[in-house]
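Observations on chain architecture
If you want the building blocks of each chain, they are given just below.
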Amino acid sequence: MPKMKYPVFLIILSFSFLYINAEDGHKLWLRNEYSNQVNVVVKKESEILDIAKQELKNNWRGENGAVIKLVLKKDKRIQDDGFILNPDEIRANTELGILYGAFELLRKQQTQQKIEEKVFNPSYQLRLLNHWDNLNGSVERGYAGSSIFWNKDEDDLTVTEKDIKLWSEYARANASIGINGTVINNVNASPRVLKKESLERIKVIADVLRPYGIQVFLSINFASPAIIGGLETSDPLNKNVIDWWKEKAKEIYKIIPDFGGFLVKASSEGQPGPHDFGRSHVDGANMLAGAVEPFGGIIMWRAFVYSAKEDDRAEQAYAEFFPFDGQFRDNVIIQVKNGPIDFMPREPFSPLFGAMKKTPLMPELQITQEYLGHSIHLVFLSTMWEEFLNSDTYQEGEGSTVAKCTDGSIFEQKTAIAGVANIGKDINWCGHHFAQSNWYAFGRLAWDNQLTSEQIADEWIKLTFNPDVKSKTSFSKDWKENFLKPVKSMMLESREAAVNYMMPLGLHHIFQAHHHYGPGPWWELPGVRKDWTNPYYHRADSMGVGFNRTVTGTNAVAQYHEPLRSQFGDLKSCPEKYILWFHHVPWDHKMKSGKILWDEMCYRYDDGVSQVRQFQVIWDKIHPYVDADRFEAVQRKLRDQAKNAQVWKDACLLYFQTFSKKVIPFDIERPIHNLDDLKKDDMDKA
Ligand code: GCW
């Protein structure tokens, strides 16, 4: 037997050469474990400054023995928590600015970028995560385990050492990318969150997050005065209701003096709201704004509204909110999803951006992949957000991008941006190692809405996959060529791939009902409101496919400024990526490629599948450059993604073929599923 030891030893040895140390992903992009010696000079002491100092000391990859000064001094070039970076100095107006400067400097060192004097100012004052976490620990549209904030048993409000550690890690990760606020409960809000016992727990959370500059906000249930306050009504114009909210605000601020304010989903998808009492969004929002105003709080009032009665869901948020422009109080900000419908893989921007001139709007993005393959599919969302932020609204002529309409460049306004978090108790936080890149990208874009996805992906890969975190080596040419480059190209292509295999050419909302994961273009049930069924959105028939939103249809195009209105409204000039969003297009319509619409659709679905198959090749090839655990986890997910992409293609092509009655071009791989089986599978799950 002892003879066996040698070969076993050899095997272990060869494996340790083959595989870099296993990693579980818990450290996110903060994996550095190497530091040179550095002297940090700072005149003041405070919790935030101590953290900045410690981060620099623990992670300094600059010259050994260097001196770095942290200077808190008013400088006109710096706005809010911005900073000026120099190789030997971080200058800021606020302590938080110093902390952000420290993280930026370290990021530059770790990604081996040059450090030259530069001013860094945040694009948005408020950069928030929205957690759709329920008080029973579940997470609506969460795919990474249970809530990090709430226990499974709703009555259990105890806080453990483990909770504190996790919240602190969470705060650090957020601060490292500039996020400065968080809404810790679901917008479908339980009124219980405002009860005294819950507030005690929230105070502890706020205390842990504060040193990292993260402000806590809450989602509220509009009917709270009646449900937990014992009042007869929650009518926003009723005096007792107004007083109840004032008292509640006072109570909250007494225990959490820097509390941020409320996020409100009201009169939307069955949630209570001012409409229940014949009142308007303005009545509701302004009443709440009055309650938090004395304490410096804000109200983020969501514009995610639609009703089954109207013709076109895409028009409704605009129709309901635009008439109120200028009527909201100063501390109200309207939170608008990027697209007019609902976080689809691709939507044109919501026409509310660029419409409201006297009301600040804040974009709401979805980091959690509700409609983009949950935590199974590798989809880097940065390119989608970049496309959205750079969309021209023409609000004040050419160049009035969504970014400029919301970040104060066009009108002086309070500025904010929110991302629906993809975070849970899974060891790697996000369920998929690459889903971390979406959390990262959201923070980076919220800080600087002009960053490119290429830049963000480059940074994230270097930080997350640097094979050498324990010593100071530079990225080798080999690593850059054979790991960084292919992985980056995979990330940058991944969203377009998902659009291709799920809903190309402007198709939207054809998911399986409820869980929004797989395809269900056929889905409708008698009695279900029509705007929750899928044929309502794709409108396929023997003539063609797509939703006519032009003058001959619902005329939703009229909500956009010229020249977009004409461009989107004309089949000839409408960008093909939105063609079925705005037009009902004949199956024989000639596309730019020269192919007819049906063939083009077939090729797009097929491209999507091939793209994912290619991602598998890329990932298998990078095997030598990544630790075994993360390699295998991603490899498995890519296999599932490839299977799913095939299901999407087969389901959509076979279903739409029942209308087009045309053959799938013969150079495309044939479907391998039957439509009946796919439909049955969907129904079983629904
Ligand atoms: O996309 C839909 C989701 C709901 C969500 C809603 C919203 C929180 O399916 O789960 O509810 O949007 O944004 O309010």
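The preceding data block contains the structure.
Quick caveat, the model's predicted, so the values are computed rather than measured.

Attention now goes to the pairing of strand E4 (residues 89-92). Bridge count between strand E2 (residues 66-72) and E4: 4 bridges; the pairing is parallel. Residue pairing in the sheet places Val 71 in a bridge with Arg 91 of E4. Where strand E3 (residues 83-86) lies against E4, 4 bridges are found, and the strand directions are antiparallel. Following the sheet pairing, Phe 83 is matched in E4 by Ala 92. Between E3 and E4, which follow one another and run antiparallel, lie 2 residues.

Bringing the site of the ligand into the picture now. Looking at the ligand, there are 15 residues lining it, with Glu 140, Lys 265, Lys 337, Asp 342 and Glu 370 nearest. The contact in question runs from an oxygen atom of the ligand to an N or O atom on the side chain of Tyr 371, over 3.4 Å. When the ligand is considered free in solution it has 340 Å² of accessible area, and contact with the protein chains removes 97% of it. A per-class count over the shell around the ligand returns 4 nonpolar, 3 polar and 8 charged.

Taken as a whole and assessed by the stated rule, the structure comprises 0 disulfides. The cysteine Cys 574 is free of any disulfide, with Cys 652 supplying the nearest cysteine sulfur at 20 Å. We classify Cys 574 as buried; its relative accessible area is 1%.

On to the environment of Phe 259. Position of Phe 259 among the secondary structure elements: in the loop between helix H7 (239-255) and strand E9 (261-264). Look past the residues within four positions of Phe 259 in its chain and what remains in contact with it is Gln 215, Val 216, Phe 217, Leu 218, Ile 252 and Tyr 253.

Attention shifts here to the side chain of Thr 393. Position of Thr 393 among the secondary structure elements: in the loop between helix H10 (382-389) and helix H11 (402-406). Of the polar contacts made by the side chain of Thr 393, one reaches the backbone nitrogen of Gln 395; its length is 3.0 Å. Engagement of the side chain of Thr 393 in a polar contact is seen with the backbone oxygen of Ser 400, the distance being 2.7 Å. Sequence-distant contacts of Thr 393, defined by excluding residues within four places in its chain, comprise Phe 349, Phe 353, Gly 354, Ser 400, Thr 401, Val 402, Cys 405, His 561 and Leu 564.

To continue, consider the pattern of salt bridges. Enumeration over the complete set of coordinates arrives at 45 salt bridges. Here Lys 250 makes a salt bridge to Glu 247, at a shortest N to O gap of 3.5 Å. You can see Lys 250 and its partner Glu 247 sitting in helix H7, 3 residues apart, about one turn around the helix. Looking at Lys 250, the relative accessible area reads 47%, which means it is partly exposed. We note a salt bridge from Glu 364 to Arg 302, for which the minimum N-O separation is 2.7 Å. Of this pair, Glu 364 sits in strand E12 (residues 361-366) while Arg 302 is found in strand E10 (residues 298-302), placing the two residues 62 residues apart along the sequence. A relative accessible area of 2% places Arg 302 in the buried class.

All right, on to the packing of aromatic side chains then. Each aromatic ring pair is characterised by the separation of its centres together with the angle its planes make. Applying the stated criterion across every chain yields a total of 43 aromatic pairs. Ring pairs connect the aromatic residues Phe 434, Trp 460, Phe 465, Phe 475, Trp 479, Phe 483, Trp 619, Tyr 625 and Phe 631, which therefore count as one cluster. Of note, Arg 539 hangs over the ring of Phe 547, and the distance from its end group to the ring centre comes to 4.0 Å. Cation over ring: Lys 595 sits above Tyr 603, and NZ or CZ is 4.8 Å from the ring centre.

Cut-offs used in this document
Residues numbered from 1 in each chain as written. Predicted model: local features only at pLDDT ≥ 70, side-chain atom pairs only at ≥ 80, totals over all residues. Heavy atoms only, no water. Pairing = 2+ DSSP bridges. Helix = DSSP H or I, 4+ residues; strand = E, 2+ residues; numbered from the N terminus. Near = heavy atom within 4 Å. Polar contact = N/O pair within 3.5 Å; in protein donor to acceptor, adjacent residues only side chain to side chain. Areas by Shrake-Rupley, 256 points an atom, 1.4 Å probe, with all protein chains shown as cover. Nonpolar A, V, L, I, M, F, W, Y, C, P; charged D, E, K, R; others polar. Disulfide = S-S within 2.5 Å. Buried < 20%, exposed > 50% of the residue type's maximum accessible area, 1.4 Å probe, protein only. Contact = heavy atoms within 4.5 Å. Salt bridge = Lys/Arg side-chain N within 4 Å of Asp/Glu carboxyl O. Phe/Tyr/Trp six-rings, centres within 6.5 Å; stacked < 30°, edge-to-face > 60°. Lys NZ or Arg CZ within 6 Å of the ring centre and 35° of its normal.

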